[in-house]
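Letter by letter, the chains look like this.
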Amino acid sequence: MAAQNNPQTCLDPVHEMSRRRVLGVLGGLAGFGSLLNPSVSRALEKKEKQVCLIWLDGGISQYESWHPRPGTRFAGPFRSIPTRVPGVHFSELMQHTARIADKISVIRTMETKDPNHSTGVPRIQRGDPIDRGVLYPYLGSAVSKLLGPADPALPPYIWIKPGNGGFIHREAGFLGARHGALALGDGRPPVHIHRPSGISAENDTARNALRKKANERFRANRGAAEIDAYETSYEMAERLMARKEIFDESTLSQKDKERYGSHPLGRHILQARQLLEAGVRFIKVNSYHWDTHGDNFNMSQRLVPQVDRPFAALVEDLDERGMLDNVLVVVMSEFGRTPNVNSRMGRDHWPDCWSLALAGCGIRQGAIIGETAKDGAWVDGTGYDIGDLFHTIFTVLGIDSKRARYEHKGQKLAIAHDKCKSIREVML
Amino acid sequence: MKAPPLDIRKARVSAEFKHPSQLFRAKFSPCGKTIAAIGVDTAVHLWNIEDKTEKSFQAHKTWVSSICFSPAGNELYTADYHGVIHCWNYLARTGSKPRWSIPAADRNNVRALAVSGNGKFLFSAGDEGVVRTWDAANGKLLKELKGHTECIFSLAVHPDGEALVSGDLLGSIRRWEIPSWEEAGELDARVLHTRKDNFIADVGGVRSLAFSPDGKLLAAGGFRDAKSNAFCPGTPAVLVFDWSKGTSRSELRLKAKSDGPINGLCFLEDSTLAGYGEHLHSATELSFWDPAKQAPVHSLSGQSAYDLDLHPDGRRLLAPVYVSGGTSGNGARKRHREKYSPNETVLRIYDLFAETKKPEPVK
């Protein structure tokens, strides 16, 4: 996608493969860096703003989570349980989150436009800005650009996801590869963050110098985006080699592992806590397969608890550590699910009225935002677009979302949809 | 009056009962004059087949998940997603209260109910993976049958009254002796369960169980080879077991394209097996099989259905069939807000015999 903005970018798949391989191999040669004290992260000391975005890909059902609407024609079969906020109920599948509802806000009237995954996911994660002929960055890349790394020794944007890892530069859009995501496939740290014992520090330095020289030569004949991606990859690898303790699972207690859950999402959210503590600016945690067109109720019974437990645990832990004032946690999907139940006892895509949750970093505590129709199907009153959410997120991170601009090829570009605005009701 | 000869090739819809919300279980009463159905609302719905009058019972607080009649007497048992069982007199007037109730028959969803052939025992099973035996007369707990390691979807009582089977998510079918309640073995239906590394939930399970009238065959319905835990698309399948040997004899498939489980299964008196499929937003079929052959010997196209029951006369089938309310599928649908409505059901009775021509009026 980045190639649309830079016709000189090399799209040869061989080079793409080489990039990955080079990241793995040369990353292992970069050597130990500074000896930072890992126990106190720079970000925490400086009260830097940080973000953890928990992305439930496919669309969690609002009826089986944040907005059960018992006794109405579209309600599901699960119990509606009281929360720590008087008068507010969640689905019984959110029993852990119900206990910390007084620490979070839930927006129940997200009203977006795109009912499809293929277009909806990028549209939502880019904030659906006005089309100005450029490819906007995903939220993590945007925050990386606008705030920079919270700790210069760490990558600003880490994406924990099932499947493969690598450096995902396409998320950066027109910002350029430097603001891409370092993806940890299945939560694994990048390969070869230990310098092999057979390579001395001197040899390692010499190899890095050779690599940089080769890159300069390569850059002379090609577009900058790919080279930026390569170099950013190496820089990240070098930085991570110096901070490899942030991937050390042995520092996590058995009790915490049980609290967060042994399933991938639980493990990955616990890892996100570890990376937030270390000082990573923006962490996205992905879980796939929430697109419950079939067997929604059996699946929700098994899926929703997988986010309920670790989300509640994360908010509790951040609060206990005094981090919740500066760390924003967001739980969301690209849309919700239909009020109607289909022929496979599933729920389909529903952008018309759906829910998400926010916590920390100047987000109100115990607030339920938005009025829906009695049956939960439609927004009654104010609906919020994804652009409104982007303004809100930027605002609580201390960014003036109405005035800040990206600069791209001489063009000044709004960082969020010009016609949207922050959701004041959700902010302190 | 002598019943007409069974002829599945002449099967046809003979009666329909429409309902404005989705129903996923439907049964004939033992007297054959009433049908009862439950689904996504809290009511138990009953229709008189002859005069088509409708009545309902209210006591459940959530979706009603399973239903069965006692083969002896006028008891109707219903259970729900919150673990509650109610016993009703199905002949009672609309609005009548349950005779008795069990408030916590399971931690959550009671997914299956069955009654022993003599009407003495009520069996329930669900999310806890425990089969519970109750005194069918008063709801007193008699025995808990433990052995499953996952939730149980289905139950069936052998025609000789001496065995009960329960099928779970993992494809384990367990045999229990009545009335010793000893576990008497396990049948392997694991093909009906799918777990893959990239799934975040197990998919499938033994969704339906049925014995042949002579008790020699047990059929287990579900779907195999699920491709994801999201759409949960798979290949509908029925496994037929030799009951005396406990071994699988054959695997049956639908002919029409379908992607969901076979939730409705029943044997006819000649051991023809009938089953109904599910399909996302498309038609599927009611199929009839020779249990020894994979492909159906006859099929009728129709929208998805979630249950299948044989009338006591052996000549009629009942299925709760999905009807789109016209606004199904993905949003955004704000402009259709006024028209947006729940999907519906038609309870369809299929006659399984040749239609007799009415005599020409005498001129």
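Residues numbered from 1 in each chain as written. Chains lettered and ligands numbered in written order. Predicted model: local features only at pLDDT ≥ 70, side-chain atom pairs only at ≥ 80, totals over all residues.

Colleague: Could you give me a rundown of the overall build of chain B, with the residues and numbers involved?
Modeller: If you tally the helices and strands in chain B, you get zero helices and 30 strands. The C-alpha atoms of chain B give a radius of gyration of 20 Å, which matches the 21 Å a tight globule of 363 residues would have. Out of the 363 residues in chain B, the part that is buried amounts to 52%. Pairs at least 24 residues apart make up 51% of the contacts formed inside chain B by residues separated by at least 6 positions. (Helix = DSSP H or I, 4+ residues; strand = E, 2+ residues; numbered from the N terminus. Rg over C-alpha atoms; globule rule 2.2 N^0.38 Å. Buried ≥ 20, exposed ≤ 12 C-beta atoms within 10 Å, placed from the backbone. Contact = placed C-beta atoms within 7 Å.)

Colleague: Any details on the sheet that holds strand β7 (residues 75–80) of chain B? Residues and values, ideally.
Modeller: Residues and elements named next belong to chain B. Reading across the sheet, the four strands line up as β6-β7-β8-β9 and stay open at both edges, with antiparallel pairing between neighbours. Each end of this open sheet is capped by a strand with a single partner; those strands are β6 (64–69) and β9 (100–102). On average, adjacent strands in this sheet sit at an angle of 20° to one another, irrespective of strand direction. Sheet analysis places strand β8 (residues 85–89) next to β9, joined by three bridges and oriented antiparallel. From the neighbouring strand, His 86 faces β9, where its bridge partner is Ser 101. (Pairing = 2+ DSSP bridges. Axes fitted to C-alpha atoms, helices over the stretch in contact; angles between N-to-C directions.)

Colleague: Break down the confidence of the model for chain A for me, with residues and values.
Modeller: Averaged over all residues, the pLDDT of chain A is 88; the fraction at 70 or higher stands at 89%. Below a pLDDT of 50 lies the segment residues 1–39 of chain A, which in the model reaches 78 contacts outside its immediate sequence neighbourhood of four places, other chains included. (pLDDT = per-residue confidence, 0-100.)

Colleague: Which residues make up unusual backbone geometry, and what are the values?
Modeller: Omega for the peptide link from Ile178(B) to Pro179(B) comes to 5°, which places this bond in the cis form. One can find Pro179(B) in the loop between β16 (172–177) and β17 (183–188). Located in the positive-phi region is His289(A), a residue other than glycine, with phi close to 75°. Structurally, His289(A) can be placed in the loop between β8 (282–287) and α10 (296–320). With a phi angle near 55°, Asp225(B) is a residue other than glycine that sits in the positive phi range. Among the structural elements, Asp225(B) can be located in the loop between β21 (217–224) and β22 (235–242). On the neighbour-count criterion, Asp225(B) (13 C-beta atoms within 10 Å) is partly exposed.

Colleague: Just give me the short version of the interface of chain B and chain A, but keep the residues and values in it.
Modeller: The partner chain A presents 36 residues to the 37 residues of chain B that form the contact. Considering only residue class, the side of chain B that touches chain A consists of 15 nonpolar, 18 polar and four charged. (Nonpolar A, V, L, I, M, F, W, Y, C, P; charged D, E, K, R; others polar.)

Colleague: Can you break down the sheet that holds strand β4 (residues 43–48) of chain B residue by residue, with the values?
Modeller: All names here are of chain B. The strand order across the open sheet built from four strands is β2-β3-β4-β5, with neighbouring strands paired in antiparallel fashion. Of all strands in the sheet, those with a lone pairing partner are β2 (23–28) and β5 (54–58), marking the two edges. When strand polarity is set aside, the average angle formed by the axes of neighbouring strands in this sheet is 25°. Bridge count between β2 and strand β3 (residues 34–39): five bridges; the pairing is antiparallel. Paired with Arg 25 across the two strands is Ile 38, which belongs to β3.

Colleague: Let's hear about the pairing of β7(B): which residues, and what values?
Modeller: Residue and element names in this part refer to chain B. A large share of β7 lies buried, amounting to six of its six residues. Here β6 runs beside β7; their pairing, made up of five bridges, is antiparallel. If you follow Val 64 over to β7, its bridge partner there is Asp 80. Connecting β6 to the next strand, β7, in antiparallel fashion are five residues, including Gly 73 with a positive phi near 105°. Counting the residues that bridge the hairpin from β7 to β8 gives four residues, and of these Gly 83 lies at a positive phi of roughly 85°.

Colleague: Please give an account of the pairing of strand β11 (residues 121–126) of chain B that cites residues and values.
Modeller: Residues and elements named next belong to chain B. With respect to burial, β11 is a largely interior element, six of its six residues being buried. Of the two faces of β11, the one holding Phe 121, Phe 123 and Ala 125 and the one holding Leu 122, Ser 124 and Gly 126 are both buried throughout. Here strand β10 (residues 110–115) pairs with β11 via five bridges, running antiparallel. Within the sheet, the bridge partner assigned to Val 115 lies in β11 and is Leu 122. In sequence, β10 turns back onto β11 through a hairpin of five residues, with Gly 119 there showing a positive phi of about 80°. Relative to strand β12 (residues 131–135), β11 runs antiparallel, the two being bridged by four bridges. Its bridge partner being in β12, Phe 123 is matched across the sheet by Thr 133. Hairpin connection from β11 to β12: four residues lie between these consecutive antiparallel strands, with Gly 129 at a positive phi of about 75°.

Colleague: Residue-level account of the confidence of the model for chain B, with values.
Modeller: Where the model shows low pLDDT, its predicted coordinates should not be examined in detail. Considering every residue of chain B, the mean pLDDT works out to 96; 100% of them sit at 70 or more. Among the prediction metrics, the complex's ipTM stands at 0.96, with pTM recorded as 0.91.

Colleague: Go over the environment of Trp88(B) with me, naming the residues and quoting the values.
Modeller: Residues and elements named next belong to chain B. Along the chain, Trp 88 falls in strand β8. Sequence separation of Trp 88 and Phe 123 is 35 residues, and the distance between their C-alpha atoms is 16 Å. Trp 88 has contacts with Val 44, Phe 57, Leu 76, Thr 78, Ser 96, Pro 98 and Arg 99, leaving out every residue within four places of it along the chain.

Colleague: Can you explain helix α5 (residues 139–147) of chain A? Please cite residues and give values.
Modeller: Residues and elements named next belong to chain A. Among the residues of α5, those classed as buried are Leu 139, Gly 140, Ser 141, Ala 142, Val 143 and Ser 144. Looking at the packing, one finds that the buried side of α5 touches β1 (50–56), α4 (117–125), β5 (157–161), β7 (181–185), β8 and α11 (386–396). Looking one or two places after α5, you find Gly 148, whose phi comes out positive at around 75°.

Colleague: Describe the nonpolar core, with residues and values.
Modeller: Core analysis: the biggest nonpolar cluster contains 223 residues, and Cys52(A), Ile54(A), Leu328(A) and Leu113(B) have the highest contact counts within it. No other element matches α10(A), which puts 11 residues into this core. Residues in contact with Leu328(A), not counting those within four places in the same chain, are Val51(A), Leu358(A), Gly360(A), Cys361(A), Ile363(A), Ile393(A), Val396(A) and Leu397(A). (Core = buried A, V, L, I, M, F, W, Y, C linked by C-beta atoms within 7 Å.)

Colleague: Describe α4(A), naming the residues involved and giving the relevant values.
Modeller: Residue and element names in this part refer to chain A. Of all the residues in α4, the buried ones are Gly 120, Ile 124 and Gln 125. Projected onto a plane normal to the axis of α4, the buried residues spread over an arc of 110° and lie on a single side. Opposite its buried face, α4 presents the exposed residues Ser 118 and Thr 119, each directed more than 90 degrees away. Taken together, the buried residues of α4 touch α5 and α11. Just downstream of α4 lies Gly 127, where phi reads positive at about 85°. (Arc of directions from axis to C-beta.)

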